[in-house]
Amino acid sequence: MEPKTQIQTASAASKHKKNLLIVLSFSGTYLIAEVIGGILTNSLALLADAAHMLTDVVGLLLAFIAIKIGERKADPSRTYGYYRTEILAAVINAVVLLGISGYVLYEAYQRFQNPPEVQSKSMLIVAGIGLLVNVAGMMILRKDSEASLNMKGAYFEVLSDMLTSIGVMIAGVIMLTTGWYYADPLISAAIGLLIFPRTWRLLKEAINILLEGTPKEVDIYQLRQSLEQVPGVKNVHDLHVWSLTSSVNAMSAHIVKDKASSQNQLLKTLTETTIRDFRISHTTFQIEEEGYEENEIHL
């Protein structure tokens, strides 16, 4: 028997659409300026940052579209709704970002062979503008980044853009003061390497959700112990916990009860315990009495 569920009616990131759209407009405008600046100054570091910014703009756009789709109500063909759209957007975002990072590293290697002259002063000006844009974007999205994996991905992109803007400015200062043009591909390589760790972690988190892995914030052993301590529960088996999207967790379990316990009261206590202590919004319990045997038992 299944108690009344308490699934959220909208994804955790829905209320942050406005901030996401503001940052998207900032980033899109600066992307155009950065591409033009990179071509005019012949700076790989600036173009590398522009390539990174392009993935950010696409990623932010995907994040926004995913939130809009994720708000659609459940229907007979999508009984859980469209929450997973946000996770698919996060995966696409991470894969593209890793690809761009690899290309930047390859291009940096090519320029190490024969570094071209770079118009450092103009490069500094463009990178400085980018830094201001990214700092503003970070301030807007900082609190929102805890709302969902999708929003965390958007925040990480703006954060990495800020760091790359700083890197480009450092390269510009070095080339302007010393004429050492190896600084351009060197900083470009550093930008490419900087992107990898955070993007890889984001990709792993998103894939864990797609594979219906146990959410990292849920200790399944502690959950089992809490359920088994509920009065009237003799045993817990076939316990499964997964995420629909960030901050929207679900679970199912088979509960073996003693014969004296009231089934309705037991369901009420189990549901309240799970929602209160583990923040699992969708619970499904199959109540069984002692002696009932399943053909197959998991966990």
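Our subject is the structure listed above.
One structure accompanies this document, and this report is about it. (Residues numbered from 1 in each chain as written. Predicted model: local features only at pLDDT ≥ 70, side-chain atom pairs only at ≥ 80, totals over all residues. Heavy atoms only, no water.)

1. Section: the pairing of strand β1 (residues 233-245)
Link 1 in the chain: In terms of burial, β1 is largely enclosed, as ten of its 13 residues are buried.
Link 2 in the chain: Summarising the sheet, β1 and strand β2 (residues 248-257) pair through nine bridges and their orientation is antiparallel. When the bridges of β2 are listed, Trp-242 appears paired with Ala-250.
Link 3 in the chain: The antiparallel pairing of β1 with β2 creates a hairpin that spans two residues between the two strands, and Ser-247 there sits at a positive phi of about 70°. (Buried < 20%, exposed > 50% of the residue type's maximum accessible area, 1.4 Å probe, protein only. Helix = DSSP H or I, 4+ residues; strand = E, 2+ residues; numbered from the N terminus. Pairing = 2+ DSSP bridges.)

2. Structural notes on the nonpolar core
Link 1 in the chain: Among the nonpolar cores identified, the biggest contains 33 residues, and Leu-20, Met-123 and Leu-141 are the most heavily contacted of them.
Link 2 in the chain: Secondary-structure elements contributing two or more residues to this core are α1 (17-41), α2 (44-70), α4 (120-141), α5 (149-178) and α6 (183-210).
Link 3 in the chain: Discounting residues that sit within four places of it in the chain, Leu-20 has contacts with Leu-60, Ala-63, Phe-64, Ile-67, Leu-141, Met-151 and Ala-154.
Link 4 in the chain: Counting 19 residues, the second-largest nonpolar core is a separate cluster that includes Ile-220, Leu-223, Leu-266 and Leu-270. (Core = buried A, V, L, I, M, F, W, Y, C linked by side-chain atoms within 4.5 Å. Contact = heavy atoms within 4.5 Å.)

3. Here's the deal with α6
Link 1 in the chain: Compared with an ideal rise of 1.5 Å per residue, which puts 28 residues at 40 Å, α6 spans 41 Å between its outermost C-alpha atoms and is within 8% of the ideal.
Link 2 in the chain: Taken as a whole, α6 carries its principal kink of about 25° at Pro-197.
Link 3 in the chain: With its phi angle positive at about 60°, Glu-212 sits one or two positions after the end of α6. (Expected span 1.5 Å × (residues − 1). Bend = angle between axes of the 7 residues up to and from the residue.)

4. Examining the pattern of salt bridges
Link 1 in the chain: Inspection of every chain in the model, using the stated rule, returns five salt bridges.
Link 2 in the chain: The residue Glu-205 makes a salt bridge to Lys-216 at a minimum N-O spacing of 3.5 Å. Linking Glu-205 in helix α6 with Lys-216 in the loop between α6 and α7 (220-228), this pair joins segments that are eleven residues apart in sequence.
Link 3 in the chain: Here Glu-205 falls in the partly exposed class, since its relative accessible area comes to 24%.
Link 4 in the chain: Residue class for Lys-216 comes out exposed when judged on its relative accessible area of 66%.
Link 5 in the chain: When the shortest N-O distance is used, the salt bridge between Lys-257 and Glu-289 registers 3.8 Å. Remark: Glu-289 occurs in strand β3 (residues 282-289) and Lys-257 occurs in strand β2; sequence separation between them is 32 residues.
Link 6 in the chain: Look at Lys-257 and you get buried, because its relative accessible area is 3%. (Salt bridge = Lys/Arg side-chain N within 4 Å of Asp/Glu carboxyl O.)

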